[in-house]
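# Per-entry structural report
Read off the chains here:
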Amino acid sequence: MKLKIAVPVNESGHLDSHFGHCKYFAFLTADGSEVISEELKQPPPHEPGLLPLWLAEQEVTDVIAGGMGNRALQLFNNHNIRVYTGAPVMQAKELVKGFLTNTVQFNGNQCDH
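Computed from a predicted model, the values in this text were never measured in an experiment.

### A closer look at the sheet that holds strand E1 (residues 2–9)
Reading across the sheet, the five strands line up as E3-E2-E1-E4-E5 and stay open at both edges, with mixed pairing between neighbours. Of all the strands in the sheet, just strand E3 (34–41) and strand E5 (82–84) have a single pairing partner and so form its edges. Within the sheet, the average angular offset between the axes of one strand and its neighbour, ignoring direction, is 20°. Note that strand E2 (residues 24–31) and E3 share seven bridges and pair antiparallel. Each residue of the ladder has a partner; that of leucine 28, found in E3, is glutamate 38. Packing against the sheet, helix H1 (residues 50–57) makes contact with E1, E2, E3 and strand E4 (62–64), and its axis sits at approximately 40° to E2. The strands that helix H3 (residues 92–100) touches are E1, E2, E3, E4 and E5; relative to E1, the one it contacts most, it runs at about 135°.

### With respect to the nonpolar core
Counting 17 residues, the largest nonpolar core has Ile5, Val7, Leu28, Ile64, Leu95, Val96 and Leu100 as the members making the most contacts within it. Sorting the residues of this core by element identifies E1, E2 and H3 as the ones contributing at least two each. For this core, the element with the highest residue contribution is H3, accounting for five residues. Discounting chain neighbours no more than four positions away, the residues touching isoleucine 5 are Ala26, Phe27, Leu28, Asp62, Ile64, Val96, Phe99 and Leu100. One finds Ala6, Trp54, Leu55 and Ile81 within the second-largest nonpolar core, a separate group that totals 15 residues.

### Overview of the packing of aromatic side chains
If you walk through the whole model with that rule in mind, you get eight aromatic pairs. Ring centres of phenylalanine 99 and phenylalanine 106 lie 6.1 Å apart, and the angle between their planes is 85°; this geometry places the pair in the edge-to-face category. Relative accessible area serves as the criterion here: at 13%, phenylalanine 99 is assigned to the buried category. Among the residues examined, phenylalanine 106 registers a relative accessible area of 28% and is labelled partly exposed. One residue, lysine 4, lies across the ring of phenylalanine 27, its end atom 5.3 Å from the ring centre. Over the face of the ring belonging to phenylalanine 27 we find lysine 41, whose NZ or CZ atom lies 5.7 Å from the ring centre.

### Topic: the pairing of E1
Most of E1 sits inside the fold, with seven of its eight residues counted as buried. Inspection of the sheet shows E1 paired to E2 by eight bridges, in the antiparallel sense. Counterpart to leucine 3 in the pairing with E2 is alanine 30. For E1 and E4, the ladder comprises two bridges, and the chain directions are parallel. Of the residues in E4, the one forming a bridge with alanine 6 is valine 63.

Each value, and the rule that gives it
- Residues numbered from 1 in each chain as written.
- Predicted model: local features only at pLDDT ≥ 70, side-chain atom pairs only at ≥ 80, totals over all residues.
- Heavy atoms only, no water.
- Pairing = 2+ DSSP bridges.
- Helix = DSSP H or I, 4+ residues; strand = E, 2+ residues; numbered from the N terminus.
- Axes fitted to C-alpha atoms, helices over the stretch in contact; angles between N-to-C directions.
- Contact = heavy atoms within 4.5 Å.
- Core = buried A, V, L, I, M, F, W, Y, C linked by side-chain atoms within 4.5 Å.
- Buried < 20%, exposed > 50% of the residue type's maximum accessible area, 1.4 Å probe, protein only.
- Phe/Tyr/Trp six-rings, centres within 6.5 Å; stacked < 30°, edge-to-face > 60°.
- Lys NZ or Arg CZ within 6 Å of the ring centre and 35° of its normal.

This is the structure we're talking about:
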């Protein structure tokens with residue numbers, strides 16, 4: 001089963017822990033435990049509730065983030081997008097590879113709003 005995983009990243013391609021205000025999203029498509037494609041896109045300007053809809057339009061199946069507010073989590077749930085929070089700050093591709101092979105630890109949601 002193919003997954004399309006979105007990771008909010010900064011200019012250097014590392015996880016941006018502030019999900020709603022990231023500069024870019026890395027989109028990584030995976031087949032099994034292998035990343036088969038990567039793409040970097042700039043999200044639309046931040047507005048509450050906009051990113052879950054935009055990512056759903058990009059056909060994202062999963063989001064990996066450092067933290068995320070409860071409203072965003074609910075909106076992703078409404079779009080049937082799985083969210084994994086508490087990710088460590090690392091390069092998006094390495095983070096996704098670790099996610100796919102269960103070698104990266106997630107430490108819970110690091111956002112409280």
